Protein chains: 2
Amino acid sequence: MKKVFIIASLSLLFSAVANAQFVPAQTNIPCAEFPKVNLETRQAQFQIMAPEAKEVQVDICSKKYPMTRDDKGVWSATTDPLVVGFHYYALIVDGVRVNDPASETFYGCSQQTSGIEIPESPAEAAYYTFNKDVPHGQVRECQYFSEVEGQARRCFVYTPAEYEKSGDKKYPVLYLQHGMGEDERGWHQQGHMQNIMDNQIAAGKCVPMIVVMDYGNCGYGFGAKKGESMQEFGALFTPILLKDVIPFIESNFRALSDRDHRAMAGLSWGGFETFNTTMTNLDKFSYIGAFSGALFAIRPEAVKTAYNGVWADADKFNSQVHALFLSMGSEETFGADKLSEALTNIGIKNTYYSSPGTHHEWLTWRRCFNEFLPLCFK
Amino acid sequence: MKKVFIIASLSLLFSAVANAQFVPAQTNIPCAEFPKVNLETRQAQFQIMAPEAKEVQVDICSKKYPMTRDDKGVWSATTDPLVVGFHYYALIVDGVRVNDPASETFYGCSQQTSGIEIPESPAEAAYYTFNKDVPHGQVRECQYFSEVEGQARRCFVYTPAEYEKSGDKKYPVLYLQHGMGEDERGWHQQGHMQNIMDNQIAAGKCVPMIVVMDYGNCGYGFGAKKGESMQEFGALFTPILLKDVIPFIESNFRALSDRDHRAMAGLSWGGFETFNTTMTNLDKFSYIGAFSGALFAIRPEAVKTAYNGVWADADKFNSQVHALFLSMGSEETFGADKLSEALTNIGIKNTYYSSPGTHHEWLTWRRCFNEFLPLCFK
């Protein structure tokens, strides 16, 4: 009897320890107990009250987990161990994909979507985490009128901490794009770019710069506009950037305006937009980055003919472009490795980075951004 | 036969005209056809694909409308004519309240929530609408470390258009609070305060000022923290404001720092927080506004004893406070009229404003803000 009691106690103890490791996710709304994450096992737990529903699932990291109902109508599920980083997810209630009411929402997957951060260790996460001991820049929401589009638009502009007190000093500018189904909020909400900037500038790893995040006209799913071709999808952004955004930035911020002080980078479809814009406008940009860039249309065996032959003369390109950066997660197949290799083979200088263990997700892009920044404006 | 045909055609024609008046709501995500609003009748139409659901409703303006299923599983509903302005709403799928995937989300009702704008006429809406012909300020997202709370916090800071180019000029500051179940995003996302500021400053109706929007520690529903009393709900915000926010603003912006150049206002619970903070710190604030303020605890028959008797000596109070503003929607019962009358009766100067036809909602607060601003710093 005593032995059974001890075993039961131990079991309770282990159970308590295991439960104690599940803590509310940092992406929850205030006071929400669930979703929870286990900092050791990297599992997530979800809960929703749905007494009248017949079937509830949680869809995360390309897997649907059935949720189980208790006698009060609360449905719960615990996931397998998940990859670290930020994941979009949805609940499926009687066949309808819905947001988790307990989660903050993030514009992704072509709509406002639930998201959860599965934390890395504090040391691993330090570069994109708020550090109270470094000076902090600002992310400024600006409205401007686009002549190209004929309507008001919004962009976010990161200014470094010193900007407020640096008198007439002018700064180089990086134009930084989100991916398909996302918008101009992605880089600072999902990407924590402001923390990456603050931390790198404080450590002297990158130079103080202005970073502009605008809407790439690709926030809906491809196909939502009838008759629109892949080439047309988001293509209006290039003239908007050149004719509206850059002039707006250069007349409203202390921005250096020559090509040697102008960079562009983007993730996924934003990488496609970056190449489309910069490779045909090398008089305006000299630092170029694609993070998991959607560059499938460039056939590695025919790189010399891409973008009107911009890579046909390697010496000329290398003298014009001060940094060309290609990257992706080690677990994805967006072909950045093959493109980098093909470019290297014809003498085009470029830097390749692979994010260990990550997929086509925001942790990959935080890392890519962190690797790209030190190459800029040096 | 011919007559029937003509009638059928006319019927189709009228139907087409009626449908033409339903246009996608301005609060939709990109490319979403629904929800729609009828600019004449002010009805809204909602749609969601839910083939497996048994019952779907839309809950808006305190009424639940049953939605009807077509043979493809698309559920639809058209509302009664709605009050103009911004309304939070939810879909109810088999008993679960969910967001409409086609709507932008807004932090309100203690979570990320769907919202829809039922437009006023362009003339009525002009004061909170982006006007390309006036100079535009910025809304800056800032992170700072709160010693009171022991963690990082976020605030939004509106700076007027001229701020960038006005050299050493310093500005008065208004601290502006959201309501219960909302957060620091409410005033610029739901309230369009940046447009109201830009338009008033351009027209010379208010002076250029800095407006600070921080989190009032009341973004969850009262009761979500066990054992918390009404008096404690959000009360931590007062010391955070005084010890963390104000010093942060005054060391990072060109802010005037005397009481004659510091205002505070808030809506609903933010009005309660405003009174709690300012009435006990009149050495720090001299302009005070409550928009639908949750000031039920102040009994009109005992105003002289409220806030340690701050209103007992009317002459003293009137000489200290340059503007005291009370307001609410004509359709709500938050008692601002009775409080204003009670204060007037004991000689306390105050301005009362009633927003015609509106409820405890954002259009009321846009109007209140618009009325309060010209009183400040004059």
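Residues numbered from 1 in each chain as written. Chains lettered and ligands numbered in written order. Predicted model: local features only at pLDDT ≥ 70, side-chain atom pairs only at ≥ 80, totals over all residues. Heavy atoms only, no water.

**Quick word on the interface of chain A and chain B**
Where interface size is given, it is often the accessible area lost as the parts come together that is meant. Where we set the bar: Here, residues are in contact when the closest pair of their heavy atoms is within 4.5 Å. Summed over both partners, the accessible area (1.4 Å probe) lost when two parts come together is defined as the buried area. Throughout this description, the term salt bridge denotes a Lys or Arg side-chain nitrogen within 4 Å of a carboxyl oxygen of Asp or Glu. Contacts described as polar in this section are N or O atom pairs within 3.5 Å, which, within protein, must combine one atom able to donate a hydrogen with one able to accept it, while residues neighboring in sequence count only if both atoms come from side chains.
Between chain A and chain B, the contact holds 48 residues from the first and 48 residues from the second. Summing the contributions of chain A and of chain B, the shared interface buries around 4,000 Å²; its carbon and sulfur component is 54%. Of all residues in chain A, the largest losses of buried area upon contact with chain B belong to A:F130, A:E141 and A:Q143, amounting jointly to 14% of the total for that side. If you look at where chain A meets chain B, you find four salt bridges. At the junction of chain A and chain B, the tally comes to 17 residue pairs in polar contact (both at pLDDT 80 or more).

**Some words on the packing of helix α4 (residues 193–202) of chain A against helix α9 (residues 362–372) of chain A**
Residue and element names in this part refer to chain A. Stated precisely, the cut-off is as follows: For helices, the fitted line uses only the C-alpha atoms of the stretch in contact; every axis is such a line through C-alpha atoms, and the angle between N-to-C directions lies from 0 to 180 degrees. Helical segments are the DSSP runs of H or I of at least four residues, strand segments are the runs of E of at least two, and each set is numbered from the N terminus. Should an angle fall under 35 degrees it is taken as roughly parallel, and over 145 as roughly antiparallel, whereas 65 to 115 is taken as roughly perpendicular and any remaining angle as oblique. A crossing counts as left-handed when the near helix is turned anticlockwise from the far one by less than a right angle, and as right-handed when that turn is clockwise. Ten residues, namely Ala, Val, Leu, Ile, Met, Phe, Trp, Tyr, Cys and Pro, are considered nonpolar, four, namely Asp, Glu, Lys and Arg, are considered charged, and the remaining ones, Gly among them, are considered polar.
Running from N to C, α4 and α9 cross one another at 30 degrees; their axes reach a closest spacing of 11 Å. Judged on the interaxial angle alone, α9 and α4 are roughly parallel. The element α4 and its partner α9 pack so that their crossing is right-handed. Here M193, I196, M197 and Q200 of α4 lie close against α9, whose contacting residues are R366, F369 and N370. Among the residues forming the contact of α4 with α9, the class breakdown is four nonpolar, two polar and one charged.

**Considering the sheet that holds strand β2 (residues 36–38) of chain A**
Operational definition: Strand pairing is defined by DSSP finding a minimum of two bridges between the two strands.
Spatially, β1-β2-β3-β7-β6 (chain A) is the arrangement adopted by the five strands of the open sheet, whose pairing is antiparallel. Pairing within the sheet leaves two strands with one partner each, and these edge strands are β1 (22–24) and β6 (68–69) of chain A.

**Let's talk about the relation of the copies chain A and chain B**
Counted only if it meets this: Copies overlap after least-squares fitting; the atoms used are the C-alpha atoms of residues with pLDDT of at least 70 in both.
It takes a turn of 180 degrees to lay chain A on chain B, together with a shift of 0.0 Å along the axis; the resulting RMSD is 0.0 Å. Such a combination of turn and shift is consistent with a two-fold rotation axis. Among all C-alpha atoms of chain A, that of A:R140 lies closest to the rotation axis, at 2.0 Å. Taken together, the interface assignments show that 100% of the residues at the interface of chain A recur at the interface of chain B, consistent with an identical surface on both copies.

**Considerations on the side chain of A:T277**
When you line up the elements, A:T277 lands in helix α6 (residues 269–278). Once residues within four sequence positions are removed from consideration, A:T277 is found in contact with A:T238, A:L241, A:L242, A:M264 and A:F285.

**Describing unusual backbone geometry**
Filter applied, for reference: Each residue is assigned to one of three classes by its accessible area relative to the maximum for its type, calculated with a 1.4 Å probe on protein chains only: buried under 20%, partly exposed between the two thresholds, exposed over 50%.
Between A:F34 and A:P35 the backbone carries a cis peptide bond, its omega angle lying at -5 degrees. Turning to its location among the elements, A:P35 is positioned in the loop between β1 and β2. With a phi close to 50 degrees, B:S292 is a non-glycine residue in the positive phi region. Note on placement: B:S292 falls in the loop between β17 (287–291) and α7 (314–320). The class for B:S292 is buried, based on a relative accessible area of 0%. Of note, B:Y307 is a non-glycine position whose phi angle comes to about 45 degrees, a positive value. Topologically, B:Y307 is positioned in the loop between β17 and α7.

**Points about helix α5 (residues 237–252) of chain A**
The periodicity of an α-helix, 3.6 residues per turn, causes residues three or four positions apart to be oriented the same way. For clarity, the cut-off: At any given residue, the bend is defined as the angle formed between two axes, one fitted to the seven residues that end at that position and one fitted to the seven that begin there.
Most pronounced at A:V245, the bend in α5(A) amounts to some 35 degrees, and the proline A:P247 follows within four residues. Residues of α5(A) that are buried make contact with β12 (138–146), β13 (151–159), β14 (173–177), β15 (210–214), β16 (262–267) and α6 of chain A.

**Some words on the nonpolar core**
For clarity, the cut-off: Throughout this description, the term nonpolar core refers to a set of buried Ala, Val, Leu, Ile, Met, Phe, Trp, Tyr and Cys residues connected via side-chain atoms within 4.5 Å.
Ranked by size, the top nonpolar core spans 44 residues in total, and within it A:M67, A:I116, B:M67 and B:I116 carry the most contacts. Setting aside its immediate chain neighbours within four residues, B:I116 contacts B:A25, B:T27, B:P35, B:V37, B:A44, B:F46, B:I60, B:G85, B:F86, B:H87 and B:Y89.

**Some details on the sheet that holds strand β7 (residues 74–78) of chain B**
All names here are of chain B. One open sheet accounts for five strands, arranged β1-β2-β3-β7-β6; its pairing is antiparallel. Sheet topology places β1 (22–24) and β6 (68–69) at the edges, where each strand pairs with a single neighbour. Pairing geometry for strand β2 (residues 36–38) and strand β3 (residues 44–49), over two bridges, is antiparallel. Bridge pairing in β3 links V37 to A44.

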